[in-house]
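The chain contents come next:
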Amino acid sequence: MSMIKCCFEPLEMPEFLDSFVKKCTEGCCCGCCSALRPRYKRLVDNIFPANPEDGLVKSNMEKLTFYSLRSPEKLDRIGEYLYQRASKDIYRKRYKFVEIAMEAMDLLLMACHAQILNLFVESFLRMVQKLLEDTNPTLQIMATNSFVRFANIEEDTPSYHRRYDFFISKFSSMCYGNNDDVELRDSIRMAGIKGLQGVIRKTVSDDLVANIWEKQHMEKIVPSLLFNMQSAPSKSSDTEATPSTPPLLAEAVLRELVSRASFGHIKSVLKPLLTHLDHQKLWVPNKFAIDTFRIVMISIQPQYSYTVVETLMSHLDQNLTSSPKTRTSLAVVLSKIIAIAAGESVGPSALDIINNLLMHLKTSVSTQHESTPEETQYQEALINALGEFANHHPDYQKIEIMLFIMNTVPDPSNKSRGDQLLQNILLKSLLKVGTQYRTVSFEKAFPVSFLQPLLKMGRAASIPIRIIVMQIFQQLLDRHQNQHLLNVISVSNYPTLTVENPTRSDILFTHKYGSNILQAIIESMSQENHLEVLKSSYNTIALVIVEMACGETVQEILLFILGVQQVAVAEVELSPKHRCNLHSIAISLLILLGRCTTIGTLVEYVEKLIQARKEEAPYLLPPLMDNDKSAPSTLNTNLPHLLIDKLAVAECLQQAGLESNRVQTGSPYALNQTDISAHRHSWVDTHSAVRNSVVDSTYNDIESVSSSPGVQKRSLASEYNFESMKRVLAEPTEASKREAREKQMQIGRTFRETAFEDLVRRTEPKHDVIQNKLNEIFTALSAERQISSTCGVQAGSLLLAGNGTLNGTTAAMIETGKHGGAGQRPIYENNFPELFFY
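Since we're looking at a predicted model, the values are computed, not measured.

### Here's the deal with the overall build of the protein chain
- The helix and strand tally for the protein chain stands at 39 helices and 0 strands.
- For the protein chain, with 838 residues in total, the buried portion stands at 47%.
- Taking the intrachain contacts of the protein chain between residues at least 6 apart in sequence as the baseline, contacts between residues at least 24 apart amount to 72%.
- With an accessible surface of roughly 42,100 Å², the protein chain has 53% of that area assigned to carbon and sulfur atoms.

So, in structure tokens, the structure goes:
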């Protein structure tokens, strides 16, 4: 009876009865002593149904949630009790009750506030760990989903003692699930990847928990993700809000991991990534490696992108002893991703990457005992990487990169096989960068520190090196995409050629360095009869004509063309075929020059010459003749009437209203002049060579003035009067310009062809004309002697007050006229005769 009373009337009991009551309630099988149990336990027990198939009792769960919110200090006990019940049910294989306990845990977790979450989390994590340790896949997936929900909750209270080592290991192992059931296997792998994602989200933002970026953690997380990514073709997960397959989900998690990495942590991700690719032999073929590194480069913070390039190049350093295929694949991966990093690499970091690529090229050349296709592919991959890197830099940095590469090229005087091979490789790298450069001004594209060594390489003995140098010039000269049209040497018209007048800056550049470029080209063409060298040289000089030819530069180009012909005629060491090819190039360049500068007289002359060659010596016209092919039995290149006539060309310029003095007096280009610092065909040097002649000195003065913008030199024979001075001061029209040019040409011919005595006689001062004019003026003044002396004195004072010698002189003249003396010699002729000489 006392027992029944105890059951129905629970009262406060002293401490010594606690143990007794506990034993009674635990040992009671009828449930009549449950009233003695704590309230939180009774509430927890009530959420479990009698039949586990019925699921969680919702009404009782609401009571438990309300109780936990009113008494948050009981949360840790509630979680502990749920964990104990779930552990017993797991041991007894009653998985339905385990699922109900886990569901209750999730509901309580979502209902708790962030401030009191720490009181419950430890029990929750123990519960999740207990389920993950079981072999039942359903429990593992359920525990993982619960952990992911927990990871998405933001906590305000820091946690000092939590560790996630077990979860990282367990989730990583789930990523390698190999169940025979494909659907179940994918579900387990998806759960493992989601678990890793939850760990990353929970730990990256909390600095007080264990460091997720440590080596032992990254070596588990990164390979697990890569293993799932390589199991199927990778596709971008950007198009799916929720990835539905393990490869897509693994890619999304890898993107998130890389995007959260700071500068100090990015290498912690890259090192296990590279190790995985090495161990799984995923470099050959390298499609997966390229896709993976693209994901990394797109996801990483932009300011850290060059770190990926540096890490990959360091890995390439470690694989120098690997097979050429592996190194080639590494270099290809580098070339695919380096463009993404180029936009953020400025200053020293950009040059450091370029220097590393060049060092790899040099190492490849120095260790290459024989030329193999695999090693060549490796070098080409490095060159492509260098070109892609430079392509995403501004033009001024491309110039710096080209100059940097040019300074690393060995001197052309080094003729060893290794040096020549290195020259070839480095110049190919330079060509790759030059291909990406878009020239606006030749002065900026060809700084002296870059042009000088480049022209020096253009005179090298190696044929491939000279061809590459010409290709570099072509890339930098071709501003209007005409290169592909000029690849064919022809005397026919190029109908789609784009021609634009050069700017003043380009003309000044041609004046300074055009002769050096032309000199290097003519020496390259004259070394041997190699068709590729001749074609590339023709293409280069043709681009010079298209881009630089105008009235101020046409004479220099004509001297070059005449020089090519002179080499073909005078050099005794050239073969007959070589001579014919040089003649063909000269005539092709001449007709191209006439058409680009629209000099009709020059075009007519060249067309007549071409017609004559077609009839008498067609071998002096394109196409070129190779040494390996048969040629006509008779090759007579010494036919003066079929050669370009220097005087005829000069006459064509004169008829077109252009200067021709340099063509007539200057010497054509010749060989054995290799110093770029000596400006061989400078405009100034040509004039200084003929300054001993009075005629040429006067002509130089005319040419100098006429070259100044907006100034026209007047004819010396013209009479200076008011009308002529008005014409000079007025803005010149086209007719006046044409008239000035004709008079200028007439003066030039006069001073070149007239005898010296006639020139002296024509240029003598004409004192009589001026004297007669003055006498007329002062005679009219003497007629006004009736004017009072006061007016005369005032007039004289007014004139003397002027600020020039001529005013004072005129006053003296007036004074002389006032006192008469018609037969007396005027005073101005005695004192100031030089003022009235012309």
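### Some thoughts on the side chain of Ser524
- Structurally, Ser524 can be placed in helix H24 (residues 504-525).
- Among the polar contacts listed, one links the side chain of Ser524 to the side chain of Arg466, at a separation of 3.2 Å.
- Ignoring anything within four residues of it in the chain, the contact list for Ser524 reads Gly458, Arg466, Val533 and Ser537.

### Digging into the packing of aromatic side chains
- Following the criterion strictly, the structure yields 17 aromatic pairs and no others.
- Seen from their ring centres, Phe442 and Phe509 are 6.3 Å apart, and the 35 degrees between their planes marks the pair as tilted. With a gap of 67 residues between them, Phe442 in helix H21 (residues 442-445) and Phe509 in helix H24 connect regions that are remote in the sequence. For the pair Phe442 and Phe509, one class covers both residues: buried.
- Relative to Tyr513, the ring of Phe509 lies with its centre 5.6 Å away and its plane at 55 degrees, an arrangement referred to as tilted. With Phe509 and Tyr513 both in helix H24 and 4 residues apart, the pair spans about one turn of that helix.

### Brief notes about the nonpolar core
- Phe293, Leu427, Phe446, Phe473 and Phe560 are the most contacted members of the largest nonpolar core, which totals 208 residues.
- In this structure, this core is formed jointly by two domains, domain 1 (395-474) and domain 2 (505-628 + 637-665), each of which donates at least three residues.
- Residues within four places of Phe560 in sequence aside, it is in contact with Leu518, Ile521, Ile522, Met525, Ile541, Leu589 and Tyr669.
- Within the second largest apolar cluster, 8 residues are counted, among which are Cys580, Ala617, Leu639 and Leu642.

### Let's talk about the pattern of salt bridges
- Taken as a whole and assessed by the stated rule, the structure comprises 21 salt bridges.
- A salt bridge links Arg327 to Glu375, with the shortest nitrogen-to-oxygen separation between them at 3.2 Å. Of this pair, Arg327 sits in helix H16 (residues 324-342) while Glu375 is found in helix H18 (residues 373-391), placing the two residues 48 residues apart along the sequence.
- Its relative accessible area of 8% is what places Glu375 among the buried residues.
- Each of Arg201, Glu256 and Arg260 takes part in a single network of salt bridges with overlapping partners.

### A word on the confidence of the model for the protein chain
- Here the protein chain averages 79 in pLDDT, and 74% of its residues register 70 or above.
- Across residues 1-32 the pLDDT falls below 50, and counting only partners more than four positions away or on other chains, this stretch makes 14 contacts in the model.
- Counted against residues more than four places away or in other chains, residues 788-823, with its pLDDT under 50, gives 26 contacts.

### Considerations on the side chain of Arg327
- Using a relative accessible area of 7% as the deciding quantity, one classes Arg327 as buried.
- The contacts of Arg327, once residues within four sequence positions are left out, are Leu316, Asn319, Leu320, Ser322, Glu375 and Tyr378.

### A few points about the packing of helix H5 (residues 75-91) against helix H7 (residues 118-133)
- The interhelical angle for the contact between H5 and H7, taken along N-to-C directions, is 10 degrees, at an axis separation of 7 Å. With respect to their mutual orientation, H5 and H7 come out roughly parallel. Every residue of H7 that contacts H5 at Leu75, Asp76, Gly79, Glu80, Leu82, Tyr83, Ala86, Ser87 and Ile90 is listed here: Leu119, Phe120, Ser123, Arg126, Met127, Lys130 and Leu131.
- Per-class residue counts for the contact of H5 with H7 are 9 nonpolar, 3 polar and 4 charged.

### Notes on helix H25 (residues 531-548)
- With 18 residues, H25 ought to run about 26 Å at 1.5 Å a step, and its terminal C-alpha atoms sit 25 Å apart, in line with that.
- Of all the 18 residues making up H25, 16 are buried; the element is thus mostly covered by neighbouring parts of the structure.

### So, unusual backbone geometry
- Cis geometry is found at the peptide bond from Val284 to Pro285, where omega equals -5 degrees.
- For Lys281, which is not glycine, the phi dihedral falls at a positive 55 degrees.
- Looking at where Lys281 falls in the secondary structure, it is placed in the loop between helix H13 (266-279) and helix H14 (287-299).
- Overall, the relative accessible area of 66% leaves Lys281 in the exposed class.
- Here the phi dihedral of Gln481 falls at roughly 55 degrees; this positive angle occurs in a residue that is not glycine.
- Looking at the element boundaries, Gln481 is found in the loop between helix H23 (463-477) and H24.

### Re H13
- The first and last C-alpha atoms of H13 sit 21 Å apart over 14 residues, in line with the 20 Å expected at 1.5 Å per residue.
- Buried residues of H13: Ile266, Val269, Leu270, Pro272, Leu273, Leu274, His276 and Leu277, and no others.
- If you follow the buried residues of H13, they end up packed against helix H11 (215-229), helix H12 (246-259), H14 and helix H15 (305-318).
- Positioned one or two residues after H13, Lys281 has a phi angle of 55 degrees, which is positive.

### Some points on the packing of helix H3 (residues 39-46) against H5
- Running from N to C, H3 and H5 point in directions that differ by 45 degrees, and their axes come no closer than 10 Å. In terms of orientation, H3 and H5 fall into the oblique class. The element H3 and its partner H5 pack so that their crossing is right-handed. Two secondary-structure elements touch here, H3 through Tyr40, Lys41, Val44 and Asp45 and H5 through Arg77, Ile78, Tyr81, Leu82 and Arg85.

### Comments concerning the environment of Thr307
- With respect to the helices and strands, the residue Thr307 is situated in helix H15.
- Look at Thr307 and you get buried, because its relative accessible area is 3%.
- Between the C-alpha atom of Thr307 and that of Lys267, which follows or precedes it by 40 residues, the distance is 8.0 Å.
- Among all residues touching Thr307, those that are not within four sequence positions of it are Phe263, Ile266, Lys267 and Leu270.

### Focus: the environment of Ala385
- Its place among the elements puts Ala385 in helix H18.
- For Ala385, a relative accessible area of 0% corresponds to the buried category.
- Separated by 44 residues in sequence, Ala385 and Ser429 have C-alpha atoms that sit 9.5 Å apart.
- Leave out the neighbours within four places in its chain, and Ala385 touches Ala331, Leu334, Ser335, Ile338 and Leu357.

Criteria and cut-off values
- Here, residues in each chain are numbered from 1, in the same order as that chain's written sequence.
- pLDDT decides what is reported in this predicted model: residues at 70 or higher carry local features, side-chain atom pairs at 80 or more are listed and counted, and totals for whole chains, interfaces and linings draw on all residues regardless.
- Calculated side-chain values reflect all of the structure's heavy atoms, with hydrogen atoms and water omitted.
- Runs of H or I in DSSP of at least four residues are treated as helices and runs of E of at least two as strands, each being numbered from the N terminus.
- The cut-offs for exposure are 20% and 50% of the maximum accessible area for each residue type, with area from a 1.4 Å probe on protein chains only; residues under the lower value are buried, those over the upper are exposed, and the others partly exposed.
- By the convention used here, residues are in contact when the closest approach between their heavy atoms is within 4.5 Å.
- Each accessible area value is a Shrake-Rupley result obtained with a 1.4 Å probe; residue values ignore everything except the protein chains displayed when judging cover.
- In protein, a polar contact means a hydrogen-donor-capable atom and an acceptor-capable atom, both N or O and within 3.5 Å, with residues adjacent in sequence counting only if both atoms are side-chain atoms; elsewhere, any N or O pair within 3.5 Å suffices.
- The pairing test for Phe, Tyr and Trp rings, Trp by its six-membered ring, is centres within 6.5 Å, and the orientation test on the planes gives stacked under 30 degrees, edge-to-face over 60, and tilted for anything in between.
- Put simply, buried Ala, Val, Leu, Ile, Met, Phe, Trp, Tyr and Cys residues joined by side-chain atoms within 4.5 Å make one nonpolar core.
- Source of the domain bounds: an automatic or database domain assignment.
- Here a salt bridge means any side-chain nitrogen of Lys or Arg lying within 4 Å of a carboxyl oxygen belonging to Asp or Glu.
- For every residue, the pLDDT score states the predictor's confidence, bounded by 0 at the bottom and 100 at the top.
- Here, axes are lines fitted to C-alpha atoms. For helices the fit covers the stretch in contact, and angles between N-to-C directions go from 0 to 180 degrees.
- Angle categories are assigned with fixed cut-offs, so that under 35 degrees is roughly parallel, over 145 is roughly antiparallel, 65 to 115 is roughly perpendicular, and the rest are oblique.
- Gly counts as polar in this scheme, as do all residues outside two lists: the nonpolar Ala, Val, Leu, Ile, Met, Phe, Trp, Tyr, Cys and Pro, and the charged Asp, Glu, Lys and Arg.
- One fewer than the residue count of a helix, multiplied by 1.5 Å, yields its expected span.
- Crossings are classed by handedness, with left-handed meaning an anticlockwise turn of the near helix from the far one by less than a right angle and right-handed meaning a clockwise turn.

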